[in-house]
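So the chains spell out like this:
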Amino acid sequence: MGAALGLSQARTATAEARVLISPLDGNAFSPESDDLINLETEAQLVRSDAVARAVADATDVSQDGLLSGLSVSVLPNTQVVSIEYGAPSRVAARDLAQTFAEEFLDYRTERSERVVDSRSDRIQAQIDAQNDNLSDLVSQLDDTTDSSRARVLREQISGVNSQIAQLRTQLDEVRTGADDPGEVTTPAFVTSPSPMVMVGAATIAGGVLGLLAALALVIVRVRSENRVHLTDDVEAVGLELLGDVRESDLDLMVRNLVEDREEGEITAPLRALRAAVFSRERRRPVRILMGSSVPGETGPRSAVGLAYAAAASGYRTVLIDATSDGRAVTRRLELAGQPGLTDVLRGEISLEDGLVTLTAHLQVLPCGATDPRNDDRLGGPHVATLFERVSDVADIAVVATGPLLEARSQALALVNDTCLVEAVQGVSSIDELVEITNDLNPVNVLGVVFVRPARGSGQGQRELPAGDRRAARQTRRRAAVDANA
């Protein structure tokens, strides 16, 4: 009887994914209308035919009846939407819940892009019309010999120029508005137990197994919640959040820097990080130690980005790779094999001879050759003199190190002016952030840079447009099915 009961209750598996919704132009929950009540409208859009069609295309599942297994709700007093899907198999339930979450975010992005493009086109048309009007007025001014008429034309030209300037400001605001649709904060997971577990629990020791499962769930949930998933987790520790950047943007910037060796366009998150850091740290010159909060990380992923943004502002900037193996800076910038910090510490070359110029305002001191005595040298008396020389050649020095709880990083903290902590979403823990703030005291911890690994892709890959992301996900799903066959 217990087995029959277990089987009867296990015919449908349910999976849940949770999505954090960000205000986005062109959607119900937007910067202009960010009341939480509008999230209910956003939740209903998950069930729209447009999202269902995208899910059907991505999973090769017929759209007929696809919405019957879908349930959507908004968690009370939050910007989080819960997406549940019930299907005959656990794999199908999990894949469809995850796909609905991802395609919903893509749908929000596409809606926003259409609205932004439409607004931009309308404003540009007004600018073009005013430019035509301006050309006509200038021609009339050139042809007139009447001083009174000329004075009137000049006033009209001034007014048209003012209108054009206002329109261009509006166009810039539209094009640089919010572009983050949100993110899948909790990837889809099956919330209902498997048939075998239910049968075993019902026939053998349902009560005991249920208690063990509940204890395991509590342990997993507690451990999971200890990770830094949202920017609010950083501020809850008492540290100031200075930047929120995506790893895919950082990798694209590094590739462009390596290929072009010139100062290109800075992304909005990097501009915001630069403004936050330099508005709070006004000393010039200044040496900023930047390290990871994750044990085992070879170095901060955002150090190159901060240095690049500082150089783009015209500051003489030096990026020093003080990590143990150079993965975070030297190798990413394709400077492996170049002499660097190790050689300077040995006294084999001068600081100036070790610097590699990347752009007009950015120089890099690579890590140099691997030397087991580097940690000893970094704690020696000559290191302070070396870093004082760094201040002679740079307005801004960004010193990349490994985990901030390691001895190497703590030695470097003593010869730098301030410290930035990098927290990686889903990897860094809250306990590690607390321990860093305690161990680095009284050195000034300026704040935290929050790094988001690329959604739906491996670390270090460029995030694709919405249509390409669908194709990539569909290919991965088919490959997984073939591998399990």
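As shown above, the structure is provided for reference.
All of these numbers come straight from a predicted model, not from anything done at the bench.

Novice: Honestly, the pairing of strand β11 (residues 418–424) in this entry has me stumped. Any pointers?
Specialist: The side chains of a regular strand alternate between the sheet's two faces. Counting buried positions along β11 gives seven out of seven residues, so the element sits mostly inside the fold. A two-sided burial pattern is seen for β11, the buried positions comprising T418, L420, E422 and V424 on one face and C419, V421 and A423 on the other. Pairing of strand β6 (residues 286–292) with β11, which is carried by five bridges, proceeds in the parallel orientation. Paired with M290 across the two strands is L420, which belongs to β11. As judged from the six bridges shared by β11 and strand β12 (residues 445–452), these two strands associate in the parallel manner. Bridging across to β12, C419 finds its partner in V445.

Novice: Explanation requested: the sheet that holds strand β1 (residues 13–21) in the structure shown.
Specialist: The strands making up a sheet associate through hydrogen bonds between their backbones, and the pairing can be parallel or antiparallel. Here four strands make up an open sheet; going across it, the order is β2-β3-β1-β4 and the pairing antiparallel. At either margin of the open sheet sits one strand with a lone partner, and together these are β2 (70–74) and β4 (182–190). Neighbour to neighbour, the strand axes of the sheet diverge by 15 degrees on average, direction disregarded. Examined bridge by bridge, β2 and strand β3 (residues 80–87) share five bridges and lie antiparallel to one another. Across the sheet, V74 pairs through a bridge with V81, a residue of β3. With respect to the sheet, helix α2 (residues 38–45) is in contact with β1, β2 and β3, its orientation differing from that of β2 by roughly 165 degrees. With respect to the sheet, helix α4 (residues 90–143) is in contact with β1, β2, β3 and β4, its orientation differing from that of β1 by roughly 20 degrees.

Novice: I tried to follow the pattern of salt bridges on my own but got confused; where do I start?
Specialist: A side chain of one charge can pair with a side chain of the opposite charge when the charged atoms of the two come close. Taken as a whole and judged by the stated rule, the model has 16 salt bridges. Close ionic contact of D244 with R452 constitutes a salt bridge, the shortest N to O distance being 2.7 Å. Placement of the pair is D244 in strand β5 (residues 241–246) and R452 in strand β12, with a sequence separation of 208 residues. Residue R327 pairs with D325 through a salt bridge whose shortest N-O separation is 3.0 Å. Shared partners join several salt bridges into a network, and the residues in it are R346, E348, D371 and R377.

Novice: Explanation requested: the sheet that holds β11 in the structure shown.
Specialist: Pairing in this open sheet of eight strands is mixed, and the strands run β5-β12-β11-β6-β10-β7-β9-β8 from one edge to the other. Looking along the sheet, the strands with just one partner apiece sit at the ends: β5 and β8 (356–357). Sheet topology note: the β8/strand β9 (residues 362–365) ladder contains two bridges and is antiparallel. From the neighbouring strand, T357 faces β9, where its bridge partner is Q363. Taken strand by strand, helix α8 (residues 247–260) contacts β5, β9 and β12, and its axis lies near 75 degrees from that of β5. Those strands touched by helix α9 (residues 268–280) are β5, β6, β10 (396–403), β11 and β12, and its axis lies near 160 degrees from that of β5.

Novice: Quick question: what am I supposed to make of the packing of aromatic side chains here?
Specialist: Two aromatic rings are characterised by how far apart their centres lie and by the angle between their planes. This structure, assessed with the given rule, holds two aromatic pairs. Arranged with centres 5.8 Å apart and planes meeting at 20 degrees, the rings of Y85 and F100 form a pair that is stacked. Linking Y85 in strand β3 with F100 in helix α4, this pair joins segments that are 15 residues apart in sequence. Given the relative accessible area of 5%, Y85 is considered buried.

The rules behind the values
Residues numbered from 1 in each chain as written. Predicted model: local features only at pLDDT ≥ 70, side-chain atom pairs only at ≥ 80, totals over all residues. Heavy atoms only, no water. Buried < 20%, exposed > 50% of the residue type's maximum accessible area, 1.4 Å probe, protein only. Helix = DSSP H or I, 4+ residues; strand = E, 2+ residues; numbered from the N terminus. Pairing = 2+ DSSP bridges. Axes fitted to C-alpha atoms, helices over the stretch in contact; angles between N-to-C directions. Contact = heavy atoms within 4.5 Å. Salt bridge = Lys/Arg side-chain N within 4 Å of Asp/Glu carboxyl O. Phe/Tyr/Trp six-rings, centres within 6.5 Å; stacked < 30°, edge-to-face > 60°.

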